Amino acid sequence: MSSGTLYDKVWDRHKVGELPNGQDQLFVGLHLIHEVTSPQPFSELRERGIEVPYPERNVATVDHIVPTRSEGRDRPLEDEAAEGMLTALERNTAESGITFYGLDSDKQGIAHVVAPELGLTQPGMTVVCGDSHTATHGAFGAFAMGIGTSQVRDVLASQTIAADKADVRRVEVSGTLGDGVYSKDVILKIIRDLGVDGGVGYVYEYGGSAIEQLDMEGRLAVCNMSIEGGARAGYINPDETTYEFLRGREYVPEGEAFEERKEYWESIRTDPDAEYDDVVEIDADDLEPMVTWGTNPGQAVGVGEPVPAPADLPEDERDAARNAQAHTGVTPGETMEGYDVDVAFIGTCTNGRVSDFREAAAVVEGRQVADGVRALAVPGSMTVKEKLEADGVDEIFEDAGFEWREAGCSMCLAMNDDSLHGDERCASSSNRNYIGRQGSKDGRTILMSPAMVAAAAVEGAVTDVRDFDGVGGGR
Amino acid sequence: MSGNDDMKVNRVTGTGVPLRGDDIDTDQIIPARFLKSTTWEGLDEYAFYDARRDEEGNLNDHPFNEYRGANILVVNENFGCGSSREHAPRALRRWGVEAIVGESFAEIFADNCKSLGMPAAVADADVVESLQDFVEADPSAGIELDVENERLVYDGEEVDVDIDESMRQALVKGIWDTVALLRSNMDAIDETAASLPYVDER
Ligand code: SF4
């Protein structure tokens, strides 16, 4: 059993007590709500006559089902099911006194983008949401995890959840990231090395020089994909980078109160003599930009590295690799470089933040999207969109031939009308390359960093972004 | 802390609704097209929606039409198999089912029943058959399911049934409903909240 880690401390601070079934009851500091997993829980509360006890610790936004073309966002939405979910959320939040950043708000966006940028997510909090990518918020040194629909109901009804404590694995990433190498590459490497179910039963504590050098947006991308590595949650200890990011944000206290709050943040950092259940080390010095060749995020290689032959993989991975390669149509022994792409997609709760678009813009600036490539830039939130537009970044994308959209999950899971068609191959900054994920059962997704997506868009094929001038990196 | 007394399910008494057939899956219990709804409301009308109707869409003689008001559902083998949709036991519950007796249940379905406080009791095939006959012969005849002692009483007889131990414990202790369970600690919740530096005083 771990002791002295941030996870242990945050757990203890939020533990209300033990339940008769043996689980712990934990107070939830921040509950994020979206339209897909909240309607039934609210409906059940209403029927049972239960009022939400801590409405101010709940915040809602609409992200999964929203159209990202501005002309598609007029109400009622064309898709009746989507309109129904949105209407239900409007009514439910209004009746419960919960803040809702809806389509009429300039703060609307993907829950995991909105909460960090508003300063809602803070170190030492427990954060939950009916969405598996809630782990994202661990980047601030919060304990954040996705929950199921009945737990959403539990939180609305009591501001607590019944939970079992997991083990803690320290993932120590040493070294320095080179140009054109980003946090997305780090997490793809971690998932490749530890396996897509390597994290089952664990919470990941990411640390080490390569992690500490990352800015907050980079850290968010790492924690975001904890779930793809099998870990329900992942976190990074808060430090000056965290505190400076938080200063001045809407939900963060100012002045004296900020300093007081910071004392708490400091106090929940993992102790120097903390004990972990497991420790793994990863060297990021020679890390290349990563790309996936298969149908799960662990099936990844460096862009200059050959795709493995199934026979060369551990026995329990061979069948999956064969099936994946049959689906994606890649040839083992070759690198992923040069495979044509039909679609380029930049956005999502992994890589839909300001710096992601800036890095990508540096690649596309003065260049053109290759003929026949459909390229989409979908900011993770309206705040992100506005910031980029203020600097003219939207024009860089549009001039290059990208479609510049409104905020939402978009082609990450194609619950709106952004979707792959047929067996289109997509260079994507999202987090899941599962079969069918982007809306077409034959669609083929290649996960990579936003800068790599931008490079693929202008090249019309998977390519090494390090060959482009003006590439940043190391974040 | 102990469970809430109101939540304890020690016994269920009432009348039966016999539903014959093995492998009745959750898609029959509630067809997928009704899952799009954003509330649980109205689910009772969707329980066995297709099976309850003839080709013209009129109600037929399905037990869920004929035995309105009954509360103990009597089924055969592998009831509730298929998709894990929580809507299935909820639809039954809303129709009026308070307990299910059957030859066997799909695991996830049984789990979902537990979280609704609805016992799923396993009985031998001949017991189920005789119970179904008994209910059909006299729909108003009383049945009692003793959850605590895992016994079923009908037709002047007492027979053994089997209820999964964790389900039985949760029911008799009244701790199956996590909402009630969690809310029973509201004072402790407020105390924990007040001790957190980031939660405003209220
Ligand atoms: S962007 Fe994708 S992964 Fe993130 S919340 Fe939306 S659908 Fe889920």
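None of these values were measured; they are calculated from a predicted model.

### Quick word on the sheet that holds strand β19 (residues 444–447) of chain A
Residue and element names in this part refer to chain A.
Next up, step 1: Across the sheet, five strands lie side by side as β17-β16-β15-β18-β19; this open sheet has parallel pairing. Of all strands in the sheet, those bounded by a partner on one side alone are β17 (403–404) and β19.
Next up, step 2: Pairing between strand β15 (residues 343–347) and strand β18 (residues 425–428): three bridges, direction parallel. Looking at the pairing, Ala344 lines up with Ala427 of β18.

### Structural notes on the site of the ligand
Next up, step 1: Lining the immediate environment of the ligand, one finds His64, Ile110, His112, Asp131, His133, Thr348, Cys349, Cys409, Cys412, Leu413, Asn431 and Arg437 of chain A.
Next up, step 2: Residues that form the shell around the ligand fall into these classes: five nonpolar, five polar and two charged.

### Quick notes on helix α4 (residues 111–118) of chain A
All names here are of chain A.
Next up, step 1: Judged by how many residues are buried, α4 sits mostly within the fold: eight of eight residues are covered.
Next up, step 2: The set of residues buried in α4 consists of Ala111, His112, Val113, Val114, Ala115, Pro116, Glu117 and Leu118.
Next up, step 3: At the C-terminal side of α4, Gly119 shows a positive phi close to 80°.

### A word on unusual backbone geometry
Next up, step 1: Pro76 of chain A follows Arg75 of chain A through a cis peptide bond whose omega is -10°.
Next up, step 2: Phi at Thr348 of chain A is positive, roughly 85°, even though this residue is not glycine.
Next up, step 3: Here Thr348 of chain A is to be found in helix α12 (residues 348–351).
Next up, step 4: Positioned with a positive phi, Asn78 of chain B is a non-glycine residue whose angle comes to about 55°.
Next up, step 5: Checked against the element boundaries, Asn78 of chain B lands in the loop between β3 (72–75) and α4 (87–95).

### Observations concerning the pattern of salt bridges
Next up, step 1: Counted according to the given criterion, the structure contains 51 salt bridges over all chains.
Next up, step 2: As a salt-bridge pair, Arg94 of chain B and Glu47 of chain A come within 2.3 Å of each other at their nearest N and O atoms. Of this pair, Arg94 of chain B sits in helix α4 while Glu47 of chain A sits in helix α2 (residues 39–48), which puts the two residues in different chains.
Next up, step 3: Residue classification places Arg94 of chain B among the partly exposed positions, given a relative accessible area of 28%.
Next up, step 4: In this structure Glu47 of chain A comes out as partly exposed when scored by relative accessible area, which is 36%.
Next up, step 5: Notably, a salt bridge pairs Arg20 of chain B with Glu136 of chain B, separated by 2.9 Å at the nearest N-O pair. Here Arg20 of chain B, found in the loop between β2 (16–18) and α1 (26–29), pairs with Glu136 of chain B, found in helix α6 (residues 125–137); they are 116 residues apart in sequence, far enough to count as distant.
Next up, step 6: The exposure class of Glu136 of chain B is partly exposed, given its relative accessible area of 38%.

Cut-offs used in this document
- Position labels on residues start from 1 in each chain and follow its written sequence.
- Note on labels: chains are lettered from A, ligands numbered from 1, in written order.
- Totals for whole chains, interfaces and linings use all residues, but because this is a predicted model, local features are given only for residues with pLDDT of at least 70 and pairs of side-chain atoms are given and counted only at 80 or more.
- Computation of side-chain values: all heavy atoms of the structure, hydrogens and water removed.
- A pair of strands is considered paired only if DSSP assigns at least 2 bridges between the two.
- Runs of H or I in DSSP of at least four residues are treated as helices and runs of E of at least two as strands, each being numbered from the N terminus.
- Consider each residue's heavy atoms; a residue with any of them within 4 Å of a molecule or strand counts as near.
- Note on residue classes: Ala, Val, Leu, Ile, Met, Phe, Trp, Tyr, Cys and Pro are nonpolar, Asp, Glu, Lys and Arg are charged, and everything else, Gly too, is polar.
- Only protein chains enter the area calculation, which uses a 1.4 Å probe; residues under 20% of their type maximum are buried, those over 50% are exposed, and those in between are partly exposed.
- Salt bridges are defined by distance alone: a side-chain nitrogen of Lys or Arg within 4 Å of a carboxyl oxygen of Asp or Glu.

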